[in-house]
Amino acid sequence: MEDYQNKLFPYAYNILGSADDAKDAIQEILIKYQDVKNQAVQNEMGYLVRSVINESINLKKKRQLGLSDALWLPEPIATDATDEQIDSSAIISYSMMVLLEKLTPKERAVFILKEAFGYSHKEIGLVLEMTLENSRKLLSRGRSRLRSLKRGVSMDHAKVPKAYLERYVDSIRSGDIKNLEQMLSEDIMVSADGGDEIQVVRELTRGLKAAVKLLLFVFKTYQQKNKIVVSEVNHQPALLYYQAGVLVNCQIFQIEDGKIVQIHAQLAPNKLKALRLAVNS
C-alpha cells in the first residue's frame, strides 16, 4: 500500500495543489480498493490511477466551491529533499501549479495527464471516461486559457545557480535598490497567501517600483531576524525563512532570461507543514 501511495501522490497533488488533500484522496481510494481487489482487476495500477484522478477531480470541485475571495496559492513541495520513493520529476513546477488554478478541474486533469505524464488522448479518454475528441478539446481550451494569461507554460525544470538567489538576499539585506531593479523584470508580479491565520501586507503586487518597495518593507519589518535558506520547491528556486527555528515563509521564484518575473510567497502555516517535514527529515 505504501508503494501505491508514493506512485499515486504526483497524480493527486498535481490536480489538487495540496499534499494533505492528495493523501486524503489516495487513502479514500485505497480503502475502497480493499473491497474490490479480490474481483477481476486486470491492471491494479491503472485502476488505482484512474480512481485517484477522478477522486481528485471531485475533491477539487468541492474545494473550489468553498474558497473565499482571498488569493489562494498551492502548497509547496520540496523537490530537492522530498521522499526518494516519490517520483519528484512528475511534480509540476510551482508557477505552473498557480496557472492551472485558472482551469476547470477536468481541463487541469487532461493537461496534467498529457503534459506531465505523457498520456495519449486515447489513454486520457479511458481514464476520464470521455471521447478522444473531448480530450483534445479540453487540452486545446486549457492551453489557450494559459496562453491568454501571458505567462510561460513550459513544463521544463531549468536550474538556477544558488549564487543568483544569494545575490538577491544580499541586495534585500543591504537595501540595494539599484541591484534589485536590475534583477526584477519590469512587469514582475509578487503574490502572497497567508491563509486564514496570517494577514499579509498585500496579496498581489505588480510592477517593478511597487514590488521593490513592498519587498524591502516586508524584509525590514518582518524578516530581518529570520534565518534565510536557499532551497528548491516544485523544481523552482526558493527561499525558506525561519523564525526561531520554525519555517514561516516560503518564497518561490520564477526566473526567465536572468530576470525574476514572479515571486510567490506562501505563509499559511497549514500549507508549510509538508515542506517543513521534508526539509527537517
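Residues numbered from 1 in each chain as written. Predicted model: local features only at pLDDT ≥ 70, side-chain atom pairs only at ≥ 80, totals over all residues. Heavy atoms only, no water.

**Q** Is there a simple way to think about the pattern of salt bridges in this case?
**A** It is possible for side chains of opposite charge to pair when their charged atoms get near one another. This model, assessed by the stated rule, comprises eleven salt bridges. We note a salt bridge from Glu101 to Lys60, for which the minimum N-O separation is 2.9 Å. Within this pair, whereas Glu101 is found in the loop between α4 (94-100) and α5 (105-115), its partner Lys60 is found in helix α3 (residues 44-65), the two being separated by 41 residues in sequence. The partner of Lys209 in a salt bridge is Glu181, with the nearest N and O atoms 2.9 Å apart. Note that Lys209 is positioned in helix α10 (residues 208-223) and Glu181 in helix α9 (residues 177-183), a separation of 28 residues in sequence. For Lys209, a relative accessible area of 61% translates into the label exposed. Taking relative accessible area as the criterion, Glu181 reaches 24% and is therefore assigned partly exposed. Among the charged side chains, a network of salt bridges with common partners joins Lys60, Glu101 and Arg108. (Salt bridge = Lys/Arg side-chain N within 4 Å of Asp/Glu carboxyl O. Helix = DSSP H or I, 4+ residues; strand = E, 2+ residues; numbered from the N terminus. Buried < 20%, exposed > 50% of the residue type's maximum accessible area, 1.4 Å probe, protein only.)

**Q** Would you mind showing me how to read the packing of aromatic side chains here?
**A** Two aromatic rings are characterised by how far apart their centres lie and by the angle between their planes. Tallied over the full model, the rule gives six aromatic pairs. With a centroid separation of 5.7 Å and an interplanar angle of 10°, the aromatic rings of Phe9 and Tyr13 are classed as stacked. Of the two residues, Phe9 and Tyr13 are both situated in helix α1 (residues 2-16); the distance of four residues between them amounts to about one turn of the helix. In this structure, Phe9 and Tyr13 share a single accessibility class: buried. Taken together, the ring pairs in this structure connect Tyr11, Phe117 and Tyr119 into an aromatic cluster. (Phe/Tyr/Trp six-rings, centres within 6.5 Å; stacked < 30°, edge-to-face > 60°.)

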